Amino acid sequence: MRIYKDLFTGDEMFSDTYKMKLIDDVMYEVTGKLVTRKQGDIQIDGFNPSAEEAGENTDEAVESGVDVVLNHRLCETYAFGDKKSYTAYLKDYMKKLVEKLQENNPDQVDVFKTNTNKVMKDILGRFKDLQFFTGESMDIDGMVALLEYRDIDGDSVPVLMFFKHGLLEEKF
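Residues numbered from 1 in each chain as written. Predicted model: local features only at pLDDT ≥ 70, side-chain atom pairs only at ≥ 80, totals over all residues. Heavy atoms only, no water.

1. Some thoughts on the environment of Tyr 28
Alright, step 1. Tracing the chain through its elements places Tyr 28 in strand S4 (residues 27-31).
Alright, step 2. Since its relative accessible area comes to 12%, Tyr 28 is described here as buried.
Alright, step 3. Tyr 28 sits 139 residues away from Leu 167 along the chain, and the two C-alpha atoms are 10.0 Å apart.
Alright, step 4. Every residue in contact with Tyr 28, bar those within four places of it in the chain, is listed here: Tyr 4, Phe 14, Met 20, Lys 21, Leu 22, Leu 160, Met 161, Phe 162, Lys 164 and Leu 167. (Helix = DSSP H or I, 4+ residues; strand = E, 2+ residues; numbered from the N terminus. Buried < 20%, exposed > 50% of the residue type's maximum accessible area, 1.4 Å probe, protein only. Contact = heavy atoms within 4.5 Å.)

Below, the structure is given as structure tokens:
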């Protein structure tokens with residue numbers, strides 16, 4: 001299994017257990033699904049608690065959301081009220097990524113810039129449909145993942161987008 005972490009904050013962003021697609025060698029699209037589950041619910045094979053053990057008149061805490069967001073403790077951020085504020089963040093973030101690329105892979109800088117501009121132009125055209133997520137630390141200086149719902153086979157499916165060059169890949 002591979003875990004993808006934010007290059008700048010070290011926050012866990014997603015794993016390769018989800019359907020992934022690499023767009024123009026700059027953006028991972030990770031397909032999630034909407035789930036509802038009990039908080040702290042752990043299923044153990046062969047374990048069958050009797051009905052007598054169940055608490056009476058107790059409310060169970062339930063969490064609902066996108067599995068990628070819940071499993072990797074991503075936090076929604078409302079820092080970008082308009083396209084202008086997100087574009088300002090994006091310029092600063094891209095500058096940091098280009099600096100890292102120049103240190104580690106200087107031959108990829110031009111391709112990265114060209115492909116990123118193409119991908120982001122398309123995504124910014126759908127700005128009003130996006131949600132924004134940071135890693136668990138909620139550090140806005142790190143990566144801000146994008147989420148949009150897409151119509152796939154008549155279903156509304158959550159797709160998260162992460163910058164490839166802003167991730168560290170760890171094998172487990």
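2. Side note on the side chain of Glu 148
Alright, step 1. Looking at where Glu 148 falls in the secondary structure, it is placed in strand S9 (residues 145-152).
Alright, step 2. A distance of 2.8 Å separates the side chain of Glu 148 from the side chain of Arg 150, its partner in a polar contact. (Polar contact = N/O pair within 3.5 Å; in protein donor to acceptor, adjacent residues only side chain to side chain.)

3. Points about the sheet that holds S9
Alright, step 1. Taken together, the 6 strands give an open sheet; going across it, the order is S3-S4-S10-S9-S8-S7, and neighbouring strands pair in antiparallel fashion. Unpaired on one side and paired on the other, strand S3 (19-23) and strand S7 (75-77) mark the two borders of the sheet. Strand after strand, the sheet turns through a mean of 35 degrees between neighbouring axes, direction not considered.
Alright, step 2. Bridge count between S4 and strand S10 (residues 155-163): 5 bridges; the pairing is antiparallel. Counted as the bridge partner of Tyr 28 is Phe 162 from S10. (Pairing = 2+ DSSP bridges. Axes fitted to C-alpha atoms, helices over the stretch in contact; angles between N-to-C directions.)

4. Examining the nonpolar core
Alright, step 1. In this structure, Phe 14, Met 27, Tyr 86, Met 120, Phe 162 and Phe 163 are the most contacted members of the largest nonpolar core, which totals 42 residues.
Alright, step 2. If you list the elements that add at least two residues to this core, you get strand S2 (12-15), S4, helix H1 (67-71), helix H2 (83-104), helix H3 (109-124), strand S8 (131-134), S9 and S10.
Alright, step 3. Take this core: its biggest share by element is 8 residues, from H2. (Core = buried A, V, L, I, M, F, W, Y, C linked by side-chain atoms within 4.5 Å.)

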